[in-house]
Amino acid sequence: MTTAPTPVPTTPAATLPGGGAGASATATTTPTSSTAPAPRRRPLARLGGASWLATVPLLLFFLIGFGLPTVAIVIGAFTTSSDAEVGAGQFTFDNLADSVQGGYLTAMLSSLKLSALTALLATLIGLPLAQAVVTSRHTWLRQAVLTASGVLANFGGLPLAFAFVATLGNAGEITKLLNLTDHGWSLYSFTGLTIVYLYFLIPLMVLTITPALDGLRVQWREAAQNNRATTAQYWRHVALPILLPSLLGGFVLLFGSAFAAYATAAAMVGATVPLVSRSIADALSGNVLVGQGNLALALSLNMIIVAVLVMAVYLPLQRRSARWLS
């Protein structure tokens with residue numbers, strides 16, 4: 001007797017991994033690995049090597065504009081000046097030792113004090129000013145303030161010194177109008193130089209902190225109000241902790257900008273207020289001592305070290321603030 005072939009039973013949908021009729025249908029329509037189409041290669045992957053070519057001009061500019069001068073400064077700071085009377089071009093630590101003594105140390109400390117004070121004042125004044133601009137209902141006011149801040153932040157040097165001398169100098173218009181000289185006012189002092197620096201540091205702070213203020217979400221304020229928090233409590237417990245990295249980063253940026261400023265102070269106060277940038281100019285020109293050109297390079301190296309420390313603090317703060325405000 002002939003036996004009919006036994007049909008192979010079909011696996012029920014419920015016994016398949018994942019179960020359900022949908023899983024059975026998926027299992028019958030999914031192509032095997034041998035028939036799956038090969039993934040298309042991304043265009044950016046093919047152009048990965050070519051994309052680095054676009055950075056070559058920038059790297060060359062950085063190498064020529066910053067790398068080579070830095071190497072020259074470092075070498076010169078540890079060698080005797082070529083116009084020195086004895087031992088020209090020899091290795092020495094005297095330049096660095098002299099750069100942190102006497103009047104040069106005074107100039108460095110004065111520059112650090114001026115930069116820290118002006119950066120702190122600009123941060124405290126620029127934050128509420130930027131907040132008023134961000135929360136304003138008038139778009140034209142925001143655009144006008146940000147545009148003016150962009151102009152004033154880059155307004156410095158001789159034009160800025162002349163503007164303040166003409167208005168707040170000994171014979172300035174406002175000085176004569178308000179008789180400021182009788183009250184002990186002098187533009188050519190540490191206080192006067194502080195006011196002049198605030199003229200371009202406050203707009204720079206407004207430009208720096210405005211994106212961070214824009215990143216504060218409305219839901220955070222609404223949640224604080226729903227929990228019966230006052231405006232002061234919202235700023236103390238929510239807004240300021242979030243803005244703290246951006247505020248510190250802005251302070252560091254203002255500090256570096258004030259520390260590197262030269263033309264305005266040189267044109268306005270001269271040697272009245274000792275600054276390290278002015279000391280470098282005097283050493284290069286030989287106004288104090290002849291054959292001390294490499295001492296100026298040592299002073300410049302000290303400024304580079306301060307700038308590197310500033311950037312080492314600024315970059316991590318920017319990355320930290322971006323986590324909250326992005």
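You'll find the structure just up there.
The text that follows walks through the structure, step by step, so that each part is easy to find. (Residues numbered from 1 in each chain as written. Predicted model: local features only at pLDDT ≥ 70, side-chain atom pairs only at ≥ 80, totals over all residues. Heavy atoms only, no water.)

### Some remarks on the overall build of the protein chain
Rules: Helix numbers and strand numbers start at the N terminus; a helix is a DSSP run of H or I with at least 4 residues, a strand a run of E with at least 2. Should any heavy atoms of two residues lie within 4.5 Å, those residues are counted as being in contact. Accessibility throughout is a Shrake-Rupley quantity obtained with a 1.4 Å probe, and a residue counts as covered only by protein chains that appear here.
Regarding its fold elements, the protein chain presents 15 helices and zero strands. The long-range share in the protein chain, meaning contacts at least 24 apart out of those at least 6 apart in sequence, stands at 68%. As displayed, the protein chain has an accessible area near 20,400 Å², and 67% of this comes from carbon and sulfur atoms.

### Section: the side chain of Ser-149
Within the secondary structure, Ser-149 sits in helix H7 (residues 139-152). Discounting residues that sit within four places of it in the chain, Ser-149 has contacts with Pro-203, Val-206 and Leu-207.

### A word on empty space enclosed by the protein
Quick note on the threshold: A 1.4 Å probe that fits into a set of points on a 1 Å grid over the protein atoms alone but cannot get out defines a cavity; an open set with protein on both sides within 12 Å along at least five of seven lines defines a pocket, and lining residues are those with an atom within 4 Å of a point. Grid points are joined across faces, edges and corners, and a volume is the space filled by probe spheres set on the points. All amino acids are sorted into three groups, where Ala, Val, Leu, Ile, Met, Phe, Trp, Tyr, Cys and Pro are nonpolar, Asp, Glu, Lys and Arg are charged, and the leftover types, Gly among them, are polar.
In the structure shown here, the tally under the stated rule is one cavity of 30 Å³ or more. The computed volume of the largest cavity comes to approximately 50 Å³. Those elements that place two or more of their residues in the lining of the largest cavity are helix H6 (102-134) and helix H12 (231-260). Per element, the largest residue contribution to the lining of the largest cavity is three residues, and it comes from H6. Its residues assigned to classes, the lining of the largest cavity shows six nonpolar, three polar and no charged.

### Digging into H12
Heads up, the condition is: Expected helix span is given by 1.5 Å per residue-to-residue step, counting one fewer step than there are residues. Here the bend at a residue is taken as the angle between two axes, fitted respectively to the seven residues that end there and the seven that start there.
Helix length check: H12 (30 residues) gives 38 Å between terminal C-alpha atoms against 44 Å at 1.5 Å per residue, more than 12% under. Along H12, the helix axis deviates most sharply at Leu-240, where the bend reaches about 50 degrees; the proline Pro-241 sits within four residues downstream.

### Things to note about the packing of aromatic side chains
Rules: Any two rings among Phe, Tyr and Trp, with Trp reduced to its six-membered ring, count as a pair given centres within 6.5 Å; such a pair is stacked if its planes are under 30 degrees apart, edge-to-face if over 60, and tilted if neither. Buried residues are those whose accessible area, probed at 1.4 Å on protein chains only, stays under 20% of the maximum for their type, while exposed residues exceed 50% and partly exposed ones sit between those limits. Whether a charge sits over a ring comes down to the Lys NZ or Arg CZ being within 6 Å of the ring centre and within 35 degrees of the ring normal.
Summed over the entire model, instances satisfying the criterion amount to ten aromatic pairs. Ring geometry for Tyr-234 against Trp-235: centres 6.0 Å apart, planes inclined by 75 degrees, an arrangement best described as edge-to-face. Side by side, Tyr-234 and Trp-235 carry an identical accessibility label, which is buried. Clustering of aromatic rings is evident, with ring pairs tying together Phe-61, Phe-62 and Phe-66. One Lys or Arg, Lys-113, reaches over the ring of Phe-190 and ends 5.1 Å from the middle of that ring.

### Brief notes about the nonpolar core
Note the cut-off: We define a nonpolar core as any set of buried Ala, Val, Leu, Ile, Met, Phe, Trp, Tyr and Cys residues linked to one another through side-chain atoms lying within 4.5 Å.
Leu-193, Tyr-197, Ile-209, Leu-213 and Met-268 are the most contacted members of the largest nonpolar core, which has 56 residues in total. Counting only elements with at least two residues in this core, the list comes to H6, helix H8 (158-168), helix H10 (190-214), H12, helix H13 (263-268), helix H14 (276-285) and helix H15 (293-325). The dominant element in this core, judged by the number of residues it contributes, is H10, at 13 residues.

### A short note on a nonpolar patch on the surface
The condition is simple: Patch rule: a residue counts if its relative accessible area is over 30% and it has no salt bridge; like charges are joined within 9 Å, and nonpolar side chains (Val, Leu, Ile, Met, Phe, Trp, Tyr) within 5 Å. Salt bridges are counted wherever a side-chain nitrogen of Lys or Arg sits within 4 Å of a carboxyl oxygen of Asp or Glu.
A contiguous nonpolar surface patch, about 590 Å² in accessible area, is contributed by Leu-53, Val-56, Leu-60, Leu-63, Ile-64 and Leu-68. Mapped onto the elements, Leu-63 comes out in helix H4 (residues 56-77). Judged by relative accessible area, which is 47%, Leu-63 ranks as partly exposed.

### What to know about the side chain of Ser-110
Mapped onto the elements of the fold, Ser-110 is located in helix H6. The buried category is assigned to Ser-110, whose relative accessible area is 12%. Beyond its immediate stretch of four places on either side in the chain, Ser-110 contacts Phe-190, Val-273, Pro-274 and Leu-275.

### A closer look at unusual backbone geometry
Even without being a glycine, Asn-179 presents a positive backbone phi close to 55 degrees. Relative to the helices and strands, Asn-179 is located in the loop between helix H9 (173-178) and H10. Judged by relative accessible area, Asn-179 falls into the partly exposed class, the value being 43%. One non-glycine residue, Arg-228, adopts positive backbone phi at about 60 degrees. Inspection of the secondary structure assignment puts Arg-228 in the loop between helix H11 (218-226) and H12.

### Quick word on the pattern of salt bridges
One pass over the structure, following the stated rule, counts two salt bridges. Notably, a salt bridge pairs Asp-214 with Arg-142, separated by 2.7 Å at the nearest N-O pair. Separated by 72 residues along the polypeptide, Asp-214 in helix H10 and Arg-142 in helix H7 bring together distant segments of the chain. Of the charged contacts, one joins Asp-282 and Arg-278 as a salt bridge, the two residues approaching to 3.8 Å between their closest N and O atoms. One end of the pair, Asp-282, and the other, Arg-278, are both in helix H14, four residues apart, so they sit about a helical turn from each other. Under the relative-accessibility criterion, Arg-278 is labelled partly exposed at 24%.

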